[in-house]
Amino acid sequence: MLALVSLVLLLVQVLLVARALLDWSVALAGPSMAGSFRYRLTRGVTAATEPILAPVRKLVPPLRVGGMSIDLAFIIVFFAIVLIRSLIA
């Protein structure tokens, strides 16, 4: 049972890393065109991760630093999963 929980948490971690990479791809390559593979992938990963990040984001809003913001919800959720997986193992 714990192995299944660990596997699901690992999948969520992978999706979070994919979301971070896709978010950075927008900054580096510009927005994706509607219907493109990157657009569909971004929409799917966002749809899968947003229900996890949104409640945390309500409690801890993004940190504004100059003209940019740092999404603390992403960092909190990612490290919480790392901690939970290490406690399970």
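Residues numbered from 1 in each chain as written. Predicted model: local features only at pLDDT ≥ 70, side-chain atom pairs only at ≥ 80, totals over all residues. Heavy atoms only, no water.

1. Things to note about the environment of Thr42
Put simply, the rule is: Under the scheme used here, helices are H or I runs from DSSP no shorter than 4 residues and strands are E runs no shorter than 2 residues, and both carry numbers assigned from the N terminus. Throughout this description, buried means an accessible area under 20% of the type-specific maximum (1.4 Å probe, protein chains only), exposed means over 50%, and partly exposed covers the range between.
Note on placement: Thr42 falls in helix α2 (residues 37-59). Its relative accessible area of 19% is what places Thr42 among the buried residues. For Thr42 and Gly30, which are 12 residues apart along the polypeptide, the C-alpha to C-alpha distance reads 13 Å.

2. A word on the confidence of the model for the protein
The criterion, for reference: The predictor reports its confidence for every residue as pLDDT, a score running from 0 up to 100.
Mean pLDDT for the protein: 93, with 100% of residues reaching 70 or above. The least confident element of the protein is strand β2 (residues 68-70), whose mean pLDDT is 87; the most confident is helix α3 (residues 72-88), at 96.

3. Overview of a nonpolar patch on the surface
As a reminder, the rule being used: To count toward a patch, a residue needs a relative accessible area over 30% and no salt bridge; like charges are then connected within 9 Å, while nonpolar side chains (Val, Leu, Ile, Met, Phe, Trp, Tyr) are connected within 5 Å. Areas reported here follow the Shrake-Rupley algorithm with a probe of radius 1.4 Å; residue values treat only the protein chains shown as occluding. Counted as salt bridges are all cases of a side-chain nitrogen of Lys or Arg within 4 Å of a carboxyl oxygen of Asp or Glu.
Taken together, Met1, Leu4, Val5, Leu7, Val8, Leu10 and Val14 make up a surface patch of nonpolar side chains, about 660 Å² in accessible area. Structurally, Val14 is set in helix α1 (residues 2-29). On the accessibility criterion, Val14 (48% relative accessible area) is partly exposed.

4. Examining the packing of α1 against α3
Two numbers describe a pair of packed helices, the interaxial angle and the distance between the axes. As a reminder of what qualifies: Lines fitted to C-alpha atoms define the axes here, with helix axes fitted over just the stretch in contact, and angles between the N-to-C directions of these axes take values from 0 to 180 degrees. An angle below 35 degrees is treated as roughly parallel, one above 145 as roughly antiparallel, one from 65 to 115 as roughly perpendicular, and anything else as oblique. Rotating anticlockwise by less than a right angle from the far helix to the near helix defines a left-handed crossing, while the corresponding clockwise rotation defines a right-handed one. By the convention used here, residues are in contact when the closest approach between their heavy atoms is within 4.5 Å. Only Asp, Glu, Lys and Arg are considered charged in this grouping, and only Ala, Val, Leu, Ile, Met, Phe, Trp, Tyr, Cys and Pro are considered nonpolar; every other residue, Gly among them, is considered polar.
Taken N-terminus to C-terminus, the directions of α1 and α3 make an angle of 155°; their axes are 10 Å apart at the nearest point. Regarding the angle of α1 to α3, the classification is roughly antiparallel. The crossing of α1 and α3 is left-handed. Mapping the contact onto sequence places Leu2, Val5, Ser6, Leu9, Leu10, Val12, Gln13, Leu16, Val17 and Ala20 in α1 and Phe74, Val77, Phe78, Ile81, Val82, Ile84, Arg85 and Ile88 in α3. For the contact of α1 with α3, the residue count by class is 15 nonpolar, two polar and one charged.

5. Here we look at the packing of aromatic side chains
The condition is simple: In summary, the pairing rule links any two rings of Phe, Tyr or Trp, Trp by its six-membered ring, whose centres are within 6.5 Å, and it sorts them by plane angle into stacked for under 30 degrees, edge-to-face for over 60 and tilted for everything else.
Here the structure, examined in full by the defined rule, presents two aromatic pairs. With a centroid separation of 6.2 Å and an interplanar angle of 10°, the aromatic rings of Phe74 and Phe78 are classed as stacked. One end of the pair is Phe74 and the other is Phe78, both in helix α3 and four residues apart, which spans about a single turn. With respect to class, Phe74 is no different from Phe78; both count as buried. Here the aromatic residues Phe74, Phe78 and Phe79 are joined through ring pairs into a cluster of three or more.

6. Remarks on the side chain of Gln13
Relative to the helices and strands, Gln13 is located in helix α1. Filtering out sequence-adjacent residues up to four positions away, Gln13 remains in contact with Phe78, Ile81, Val82 and Arg85.

7. Focus on the pattern of salt bridges
Considering all chains together, one arrives at four salt bridges under this definition. When the shortest N-O distance is used, the salt bridge between Arg19 and Asp23 registers 3.9 Å. On the criterion of helical spacing, the pair formed by Arg19 and Asp23 is a turn pair, its members being four residues apart in helix α1. Since its relative accessible area comes to 12%, Arg19 is described here as buried. Under the relative-accessibility criterion, Asp23 is labelled partly exposed at 42%. A salt bridge links Arg57 to Asp71; the shortest N-O distance between them is 3.0 Å. Separated by 14 residues along the polypeptide, Arg57 in helix α2 and Asp71 in the loop between β2 and α3 bring together distant segments of the chain.

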